[in-house]
Structure formats: C-alpha cells, structure tokens
Amino acid sequence: MSGKPNLARRGTQVAPSTGAVYLSLTWGQPRWKAAHDKSRLDPLRTRHEIVTEIRWLDELESRAWLGFVFTRDLIAAAVGRDSLRASNLTYVEYTVLARLADAPDHRRSFAELAAVLEWSQSRLSHQITRMEKRGLVARESIPDDARRTAAVLTGKGSEVLTTAEPAYIDSVRRHMIDVLDRDQLNALADIYDTLLTHHRRPAQARIALDTPPDQLSGRLAEPNSHERDGHAG
C-alpha cells in the first residue's frame with residue numbers, strides 16, 4: 001500500500017452490531033483507527049481527534065529528523081562497542097554506574113535514578129537486577145521508608161567504572177566531539193538544550209533531584225581530587 005492517505009474520506013461511523021462509534025482515516029478503503037463508547041463520545045473531542053491535515057516533512061525537516069535518528073543510533077552503538085571491548089561494560093551499564101557515581105554516597109532511590117535516566121522504574125528494576133548479578137550495584141532499603149529501595153554503587157562497580165572511563169571518553173571524542181568544531185558544538189548544545197527544555201516541561205510533576213542538572217554529565221568531565229586519589233568507592 002503506497003501513497004498519501006485520502007484525507008477526504010474521514011469521519012465517524014456507528015458499527016451496527018455493537019453501537020460503537022469509530023473515527024476513521026482512510027487509505028483507499030475505510031480503516032478504523034479508534035473506537036469510543038457512543039454514550040461517552042464528546043463531539044468537541046471528536047473534532048480534535050479527526051486528522052484534518054498531515055504536515056509532511058520538507059527536505060530540511062527530513063534531514064534534521066533523520067540525521068538525529070541515524071546519528072543517535074550510530075554513535076551510541078559505536079561507543080557501546082568500544083566500552084564493551086575495553087571494560088566489558090555495555091553503554092547502558094556505564095550510564096547507570098556513572099549516574100550512581102555522581103550521587104552523594106554513590107546511591108540514589110529507584111525513583112530518583114529512574115528520573116535521572118529518564119526511564120520507567122520497571123525498566124530500571126530489570127537493569128539493576130542484571131547488574132546486581134555482576135556485583136556492580138546493590139539494592140538497599142531506605143532507612144526512613146522500608147517500602148522504598150535505593151540502588152548503590154558497589155566497590156567493584158566503582159573500580160570497573162574507573163577502568164572504563166578513559167576508553168569511554170576517548171570513544172565519545174572520536175565518534176562525536178572531535179568530529180565537530182567549537183561553533184558546531186555550541187550550536188548542537190543549544191539545540192539539545194531547546195529540545196530537552198521542551199520535553200521536560202512538566203517539571204513540577206517530576207521528582208526533585210539532589211544533583212543539579214548541570215552536574216549530571218560529570219562523568220564526562222575530569223574527576224575531582226577525591227576520586228583521583230582512589231577513594232571513589
């Protein structure tokens with residue numbers, strides 16, 4: 001099936017057997033897209049849900065979108081391969097360890113860590129379980145609330161992270177940072193600031209984090225003197 005949808009063929013219809021009301025957007029022949037209980041159908045909401053126009057991407061917009069998609073995947077995969085080869089850490093494992101290393105006492109509640117990583121708590125729980133088996137992290141109950149759990153960077157996890165950092169930073173530089181000049185990096189950083197601000201707009205609904213946002217990338221910067229002296233774990 002090819003071509004753009006026939007936007008002239010859209011609207012609502014009632015299924016004779018069930019009385020359900022369907023919103024339809026057709027591609028040649030009718031294709032039901034969403035169903036609603038007829039008794040609860042809000043006409044105003046229905047009008048907003050019916051697609052009246054598709055704003056197709058122009059050449060510049062396509063380049064911007066596909067460029068982001070492809071470079072995100074290519075760079076993450078390349079850095080991940082380098083990290084795995086150098087320290088037997090996946091890209092995701094490195095990220096979790098780094099976010100724990102950034103935190104006071106090298107621990108974060110699951111809710112806080114999930115917010116920092118911008119993951120669901122379910123995804124985080126599965127990842128922590130896998131990393132626990134390798135001895136990289138541990139779970140601990142939070143003293144003032146036994147129902148809540150914290151993830152803690154272990155001594156082994158700290159050692160592995162310290163070993164992995166040089167190769168990780170070198171990989172990030174080779175695959176991204178050093179490919180761009182300073183003007184391009186400034187422009188790219190500004191673009192990502194704009195996008196992150198847009199997608200993090202409902203900030204009042206998020207957990208208040210102990211670590212300021214400008215410190216979350218600390219593991220890409222030079223370690224502090226305490227860490228350089230070997231007392232990070």
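Structural data are supplied above this passage.
Residues numbered from 1 in each chain as written. Predicted model: local features only at pLDDT ≥ 70, side-chain atom pairs only at ≥ 80, totals over all residues. Heavy atoms only, no water.

Peer 1: I keep staring at the packing of helix H3 (residues 91-101) against helix H6 (residues 155-175) and nothing clicks. Help me out?
Peer 2: Two elements in contact, H3 and H6, have axes whose closest approach is 10 Å; the angle formed by their N-to-C orientations is 115 degrees. As the angle between them shows, H3 and H6 are arranged roughly perpendicular. For H3 against H6, the interelement crossing comes out left-handed. Residues Tyr91, Tyr94, Leu97, Ala98 and Ala101 of H3 pack against Gly157, Leu161, Ala164, Glu165 and Tyr168 of H6. Tallied by class, residues from the contact of H3 with H6 come to 8 nonpolar, 1 polar and 1 charged. (Axes fitted to C-alpha atoms, helices over the stretch in contact; angles between N-to-C directions. Helix = DSSP H or I, 4+ residues; strand = E, 2+ residues; numbered from the N terminus. Parallel < 35°, antiparallel > 145°, perpendicular 65-115°, else oblique. Left-handed = near helix turned anticlockwise from the far one by under 90°. Contact = heavy atoms within 4.5 Å. Nonpolar A, V, L, I, M, F, W, Y, C, P; charged D, E, K, R; others polar.)

Peer 1: Would you explain the packing of aromatic side chains in this entry?
Peer 2: Any two aromatic rings considered together are summarised by their centre-to-centre distance and by the angle between their planes. Enumeration over the complete set of coordinates arrives at 2 aromatic pairs. For the ring pair Trp65 and Phe68, a centre distance of 5.8 Å and an interplane angle of 40 degrees mean the geometry is tilted. Remark: Phe68 and Trp65 occur in helix H2 (residues 59-87); sequence separation between them is 3 residues, near one turn of the helix. What makes Trp65 partly exposed here is its relative accessible area of 48%. The class for Phe68 is partly exposed, based on a relative accessible area of 30%. Their ring planes at 15 degrees and their centres at 3.7 Å tell us that Tyr94 and Tyr168 sit as a pair that is stacked. Here the residue Tyr94 occupies a position in helix H3, and Tyr168 occupies one in helix H6, the gap between them amounting to 74 residues. Using a relative accessible area of 1% as the deciding quantity, one classes Tyr94 as buried. Directly above the aromatic system of Trp119 lies the positively charged group of Arg123, at a separation of 3.9 Å from the ring centroid. (Phe/Tyr/Trp six-rings, centres within 6.5 Å; stacked < 30°, edge-to-face > 60°. Buried < 20%, exposed > 50% of the residue type's maximum accessible area, 1.4 Å probe, protein only. Lys NZ or Arg CZ within 6 Å of the ring centre and 35° of its normal.)

Peer 1: What should I look at first to understand helix H5 (residues 121-133) in this one?
Peer 2: A rise of 1.5 Å per residue sets the reference length of H5, with its 13 residues, at 18 Å; its end C-alpha atoms lie 19 Å apart and thus fit the reference within 8%. One or two positions beyond H5, positive phi appears at Gly135, with a value near 75 degrees. (Expected span 1.5 Å × (residues − 1).)

Peer 1: When you look at the pattern of salt bridges in this model, what are you seeing that I'm missing?
Peer 2: For side chains of opposite charge, pairing can occur when their charged atoms come near one another. Here the structure, examined in full by the defined rule, presents 11 salt bridges. A salt bridge links Arg200 to Glu118, with the nearest nitrogen and oxygen atoms 2.5 Å apart. Here the residue Arg200 occupies a position in the loop between helix H7 (182-199) and helix H8 (225-228), and Glu118 occupies one in the loop between helix H4 (110-117) and H5, the gap between them amounting to 82 residues. The structure contains a network of salt bridges with shared partners spanning Asp82, Arg85, Asp170 and Arg174. (Salt bridge = Lys/Arg side-chain N within 4 Å of Asp/Glu carboxyl O.)

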